[in-house]
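# Understanding the architecture of this molecule
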Amino acid sequence: MNTVTDYGGIKAEHLFSSKSDEKQNNNEDIKNEEKHIIMKRTFIISLLVAMALSVQAQRKITIEGTVTNVEEGTIMVLLRNDGLVGKAIATDTIQNGKFHFKVEAEKEFEDLSIMGRSPKFPSMSRQLYATPGCHIYIQGNDYKIFTWKVNSDIEEQQDYDSYFSVTREDYD
C-alpha cells in the first residue's frame, strides 16, 4: 500500500508492505544470490578445465610423416632414446603414404628416433629431437630412413640435419 504525506510543501511517498511481501522479496534475493554463486562456480570450473586441457595439449609432441616408395601397411615405430637404448613408445601404420604420432612429452627436451618394421628398412633409425608442444614434419623417399628430411623448429634438430645434409649422399 502506498501513501503520500505532505511535509510543508514537500511530498514524500511511503511504502507499506506486508510481512509476506518482505519474505517473498527476501526469498527472491536469496534465489538470485544462489544463481549468481552457481554461475561464478560454473565459470571458474570451466576456466580451470580449459586451462588444464591447454596445458595438456602443450605437453604433446606431434610427428607427421609423408613417404613415397615405401610399401603401404609398413609399421613405423617411435622410440624414446635413453643413451644408446631406445624404448618403443608408439607405432603407426603407413596408409596413403602417411604416418602420424602424438605422444606425451616426459621431459623438456626429448631424444627420439623412428624406425620402420620391414626387412626392406636398414637396421638404422632417424634421429629426432623434440620439446613439449612441438610439431615435426618428416618427408621420405624409399626405405633409406636415414636420408628422410625432417622439418622442425627445434634448434638441435636443425643443427643435426645441417651436419647430416653434407653426408647425405653417402647414404643414397
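The coordinates are above.
Anyway, here's the lowdown on the structure attached to this text. (Residues numbered from 1 in each chain as written. Predicted model: local features only at pLDDT ≥ 70, side-chain atom pairs only at ≥ 80, totals over all residues. Heavy atoms only, no water.)

## Considering the pattern of salt bridges
- This model, assessed by the stated rule, comprises six salt bridges.
- Here Glu106 ties to Arg80 by a salt bridge, and the two come within 3.2 Å at their closest N and O atoms. Placement of Glu106 in the loop between β6 (98-104) and β7 (110-117) and of Arg80 in strand β4 (residues 75-82) is noted, with a sequence separation of 26 residues between them.
- Looking at Glu106, the relative accessible area reads 55%, which means it is exposed.
- Because the salt bridges share partners, they merge into one network encompassing Arg80, Glu106 and Glu110. (Salt bridge = Lys/Arg side-chain N within 4 Å of Asp/Glu carboxyl O. Helix = DSSP H or I, 4+ residues; strand = E, 2+ residues; numbered from the N terminus. Buried < 20%, exposed > 50% of the residue type's maximum accessible area, 1.4 Å probe, protein only.)

## Things to note about the side chain of Thr74
- Structurally, Thr74 is set in the loop between β3 (60-68) and β4.
- What makes Thr74 buried here is its relative accessible area of 6%.
- For Thr74, the side chain forms a polar contact with the main-chain oxygen of Glu71, separated by 2.7 Å. (Polar contact = N/O pair within 3.5 Å; in protein donor to acceptor, adjacent residues only side chain to side chain.)

## Points about the sheet that holds strand β8 (residues 126-130)
- Spatially, β5-β4-β7-β8 is the arrangement adopted by the four strands of the open sheet, whose pairing is antiparallel. In this open sheet, the two edge strands, each paired with only one partner strand, are β5 (85-93) and β8. Geometrically, the sheet is characterised by an average inter-axis angle of 30° between neighbouring strands, direction not taken into account.
- Pairing geometry for β4 and β5, over eight bridges, is antiparallel. Across the sheet, the residue bridging to Ile75 is Thr93, located in β5. (Pairing = 2+ DSSP bridges. Axes fitted to C-alpha atoms, helices over the stretch in contact; angles between N-to-C directions.)

It is worth stressing that arrangement in space is one thing and function is another; only the former is reported here.
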